[in-house]
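# Examining the three-dimensional arrangement
Each chain, written out:
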Amino acid sequence: IERKEYQYDDRGYTIYDASQGDGYKFANRYTRDEYGYVVDRDLLKGDGSLDIRYAYKYDGFGNLEETILYDAQGDVESGIVTSYDDSNRPAEVLRYTRHGQLQRRETFIYAANGNLSEHLIYDEYDNLDGRHVYTYGINGRDEECTSYDGNGMFESRVSQRYDENDNLVEYTTYDAD
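Model, not experiment: these values are computed from the prediction.

So, about the overall build of the protein. Secondary structure assignment for the protein yields zero helices and 14 strands. Element order for the protein, N to C, with α for helix and β for strand: β-β-β-β-β-β-β-β-β-β-β-β-β-β. Against the globule reference of 16 Å for 177 residues, the protein gives a C-alpha radius of gyration of 20 Å, more extended than a compact globule. Over its C-alpha atoms, taken along the principal directions, the protein stretches across nearly 45 × 45 × 40 Å. Burial statistics for the protein: of 177 residues in total, 28% are counted as buried. Nonlocal contacts in the protein, meaning residues at least 24 apart in sequence, comprise 4% of its contacts between residues at least 6 apart. When the accessible surface of the protein is summed, it comes to about 11,500 Å², and 45% of that surface belongs to carbon and sulfur atoms.

A word on the packing of aromatic side chains. Think of a pair of aromatic rings as described by two things: how far the centres are apart, and how the planes are tilted against each other in angle. Per the stated rule, a full pass over the model turns up three aromatic pairs. Ring geometry for Y54 versus Y56: centroids 6.4 Å apart, planes at 5°, classification stacked. The lysine or arginine in question, R32, covers the ring of Y30, its NZ or CZ lying 6.0 Å from the ring centre. A cation over a ring is seen here: R89 above Y110, with NZ or CZ 4.2 Å from the ring centre.

A few words now on the pattern of salt bridges. Under the criterion given, the structure shown has 14 salt bridges. Residue E66 is joined to K57 by a salt bridge in which the shortest nitrogen-to-oxygen separation is 3.4 Å. Owing to a relative accessible area of 51%, K57 belongs among the exposed residues under this scheme. A salt bridge links D126 to R105, with the nearest nitrogen and oxygen atoms 2.9 Å apart. Residue D126 is located in the loop between β10 (116–122) and β11 (128–136), and its partner R105 is located in strand β9 (residues 102–110); the two are separated by 21 residues in the primary sequence. Here D126 falls in the partly exposed class, since its relative accessible area comes to 41%. When salt bridges with common partners are traced through the structure, they connect R29, D42 and R53 into a single cluster.

Turning next to the pairing of strand β5 (residues 50–58). Across five bridges, strand β4 (residues 38–44) lies against β5 in antiparallel orientation. Across the sheet, residue L43 finds its bridge partner in β5, namely I52. Hairpin geometry of β4 and β5 is characterised by an intervening segment of five residues between the two adjacent antiparallel strands and by a positive phi of about 90° at G48. Counting the residues that bridge the hairpin from β5 to strand β6 (residues 64–71) gives five residues, and of these G62 lies at a positive phi of roughly 85°.

Alignment of strand β13 (residues 154–162) against strand β14 (residues 168–175), held across seven bridges, turns out to be antiparallel. In the sheet register, Q160 faces β14, and the bridge partner there is Y171. Counted along the chain from β13 to the antiparallel partner β14, the turn is five residues long, and its residue D166 has a positive phi close to 70°.

A few words on the side chain of N63. Within the secondary structure, N63 is located in the loop between β5 and β6. A polar side-chain atom of N63 sits 2.9 Å from a polar atom in the side chain of N88.

Here we take up unusual backbone geometry. Although it is not a glycine, N88 adopts a positive phi angle of roughly 65°. Tracing the backbone through its elements, the reader meets N88 in the loop between β7 (76–84) and β8 (90–97). Of the residues examined, N88 reaches a relative accessible area of 31% and is grouped as partly exposed.

Criteria and cut-off values
For every chain, the first residue of the written sequence is number 1, and numbering continues from 1 onward in sequence order. Local features in this predicted model are restricted to residues of pLDDT 70 or higher, and side-chain atom pairs are both shown and tallied only at a pLDDT of 80 or more, whereas totals for entire chains, interfaces and linings draw on every residue. Where side-chain values are given, they derive from all heavy atoms of the structure, hydrogens and water being excluded. Runs of H or I in DSSP of at least four residues are treated as helices and runs of E of at least two as strands, each being numbered from the N terminus. Radius of gyration here uses only the C-alpha atoms, and the compact-globule reference equals 2.2 Å multiplied by the residue count raised to the power 0.38. The buried label applies to any residue whose accessible area, calculated with a 1.4 Å probe on protein chains only, is under 20% of its type's maximum; exposed applies above 50%, and partly exposed to all values in between. In this analysis, two residues are considered to be in contact whenever any of their non-hydrogen atoms come within 4.5 Å of each other. Per-residue and other accessible areas follow the Shrake-Rupley method at a 1.4 Å probe size, with only the shown protein chains counted as cover for residues. Note on aromatic pairs: the rings of Phe, Tyr and Trp (six-membered ring only in Trp) are paired at centre separations within 6.5 Å, and the planes decide the class, stacked below 30 degrees, edge-to-face beyond 60, tilted for the rest. Whether a charge lies above a ring is judged from NZ of Lys or CZ of Arg, which has to be within 6 Å of the ring centre and within 35 degrees of the ring normal. A carboxyl oxygen of Asp or Glu within 4 Å of a side-chain nitrogen of Lys or Arg is what we treat as a salt bridge. Here, any two strands with at least 2 DSSP bridges between them count as paired. The term polar contact refers here to a pair of N or O atoms within 3.5 Å; inside protein, the definition further demands a hydrogen-donor-capable atom paired with an acceptor-capable atom, and it admits residues adjacent in sequence only when both atoms are side-chain atoms.

In structure tokens:
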């Protein structure tokens, strides 16, 4: 049996959720700003004590710009900084270690029609570590994502097919093996 519990503020936003089942119990407590954006999310252990805190900052358009992960003692564990292009699409994501060292960089490339065409992942030394290439069907739906490692070797492909009503009817994963 799994049990979930939710609490809301007077604006209807979730401020607390909890899950409990066989052998586990955890909860999330949310602090929101005047616009309803989550600015802090506390992950609570089964006994109600703090396990991890996520702090969020947004830009003037409501895009998530920064996420900082703190441990229970308030020390920084890691951070994520996201920048956006002129169309408010993610352009670059930087992931940092607890010591502020760059751990990973991700860039996003878009086609002229606005669809995501490539997602590139770089390691801490700025070497290409992975590449995802997206192709789309006539209806503009994401129909295929092909993943490559940093050396350009095929890793996997996810293919999706939709019916005339735009419902997903087939989902297939191909691995390098």
